[in-house]
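What follows is each chain in one-letter form.
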Amino acid sequence: MTTLAKLWSAFRRRSGGAGAVGPVPPQSFSGPAPGSTPGPASDPSDLVVVDPPPRRHRLALALQGGGAHGAFTWGVLDRLLEEDSIDLAGVSGASAGAMNAAILVQGWARGGRGGARVELDRFWERISAAGRLGPIRPSLAGRMLGRWNVDHTAGSHLVEWARRWVTPYQVQSADFHPLRALLREVIEPALIRDSGLRLFVSATNVRSGALRLFDETEVGVDHLLASACLPHLFRAVHIDGEDYWDGGYVANPAIFPLAESCPGADILVVALNPLTSPDTPENAAAIAARLNQITFNATLVRELRAMAAGRTAPRLHLIEADGLRDVGVYSKMMTDWAFLCWLRDAGRAAADRWVAGNLAAVGVESTLRSPAFA
């Protein structure tokens, strides 16, 4: 105890007495010093704001057939491919829709969105060139004024007469098709297989009347020709021992394979044949046009109604070619470049309206609205 007392007394003398306290080393604090008043908040301009990543929109596309009217779909696809937020999962098509689908998938494999747009542009340019000698052409006044209904032209009457009295089996060789040579030059099945996108092409089995679906692992030139084979104009396309006609008769296009193979994706239907009519047609040409629309829409309407009624229905969307109501039936066989560009621009405008009004709903809810599904 004596030793401790001596040490304590020595410490007190060195520190200046009983009340003195030795120097306190400086301390650091993570916040304001105790007892101090908080200073002003940091300048907002010094803060770094991180925007959330943009929401993705996963879509599967169902492309209806319609001959040269498929150039409308070309325009729709061209506009959709400009949207970086859209992720494509798969494409289904019939007839001209099948060709658009195959070219889209092939271009996607070659160069993504930009590659698909370039491939579609080149394809339709070549379609126009291939049909430049076709019998159905607009008049000079019609081209200048944008009047594209050619149902009453001499070429259309010639084709109508031939459909009634001549079959392709009387005048065509077994492997003839006006697009065969073109498709052999442009279609690359290896690219289609390796694109990473699902592809479905519909055709009608002539003998059974059943739907035949060809997917990306097998699609080639003959499968696309089968999907676009109108029996009054072309011989049936022979594949693996079976004959096939246009897929639009039984699936225009097929929707269910997209729902099954692209889980979680919304389905966007591009319809070329107007689903409804504002009035009842009375002249022969208008009646024929409306019958054609109803016939080639029947399977699509039936499938979409059934799908929408299901408990686990995918979200459905629609771009409809309303502007094609008055162009008649035979314009589907007209490949005049000015007409195809008019269709493309109409398709781009329709897709632009859909993007502005409905893209935000993808992944959230269906936007399919039409009296045809009431």
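It should be noted that the structure appears before, not after, this text.
First, a word on what this report is: a plain description of the structure on this page.

Turning our attention to the pattern of salt bridges. It is possible for side chains of opposite charge to pair when their charged atoms get near one another. For the structure on display, the rule yields 22 salt bridges. The salt bridge involving Glu82 is made with Arg348; its shortest N-O contact spans 3.2 Å. One end of the pair, Glu82, is in the loop between α2 (70-80) and β2 (86-94); the other, Arg348, is in helix α12 (residues 337-358), and 266 residues separate them in sequence. A relative accessible area of 32% places Glu82 in the partly exposed class. Given the relative accessible area of 24%, Arg348 is considered partly exposed.

This brings us to a nonpolar patch on the surface. On the surface, Leu140, Met144 and Leu145 cluster together to form a nonpolar patch covering roughly 380 Å² of accessible area. Position of Leu140 relative to the elements: it lies in helix α4 (residues 140-145). Classification of Leu140 by relative accessible area gives exposed; the value is 61%.

Before going further, it helps to examine the pairing of strand β1 (residues 57-63). Within β1, six of the seven residues are buried, which leaves it mostly tucked inside the rest of the structure. As judged from the seven bridges shared by β1 and β2, these two strands associate in the parallel manner. Its bridge partner lying in β2, Leu59 is registered against Leu88. Following the chain from β1 across α2 to the adjacent parallel β2, one finds a crossover that is right-handed. Of the strand pairs in this sheet, β1 and strand β7 (residues 266-271) are connected by five bridges, and their pairing is parallel. Residue pairing across strands places Leu63 opposite Val270, the latter belonging to β7.

Conventions we followed
- Throughout this document, residue positions are counted from 1 along each chain, in the order its sequence is written.
- Two thresholds apply to this predicted model, a pLDDT of at least 70 for residue-level local features and 80 or more for giving and counting side-chain atom pairs, whereas whole-chain, interface and lining totals are computed over all residues.
- To obtain the side-chain values, all non-hydrogen atoms of the structure were used and water was disregarded.
- By salt bridge we mean one thing: a side-chain nitrogen of Lys or Arg within 4 Å of a carboxyl oxygen of Asp or Glu.
- By definition, any uninterrupted DSSP run of H or I lasting at least four residues is a helix, any uninterrupted run of E lasting at least two residues is a strand, and each is numbered from the N terminus.
- For each residue, the accessible area found with a 1.4 Å probe, counting protein chains only, is set against the maximum for its type, and the residue is called buried under 20%, exposed over 50%, and partly exposed in between.
- Two joining distances apply to patches: 9 Å for like charges and 5 Å for nonpolar side chains (Val, Leu, Ile, Met, Phe, Trp, Tyr), and every residue must have over 30% relative accessible area and no salt bridge.
- Using a 1.4 Å probe, accessible areas were evaluated by the Shrake-Rupley method; residue-level cover was limited to the displayed protein chains.
- Here, a strand pair is defined by DSSP locating no fewer than two bridges between the strands.
- Think of it like this: strands point away, you trace from the first strand over the helix to the second, and a clockwise trace means the crossover is right-handed.

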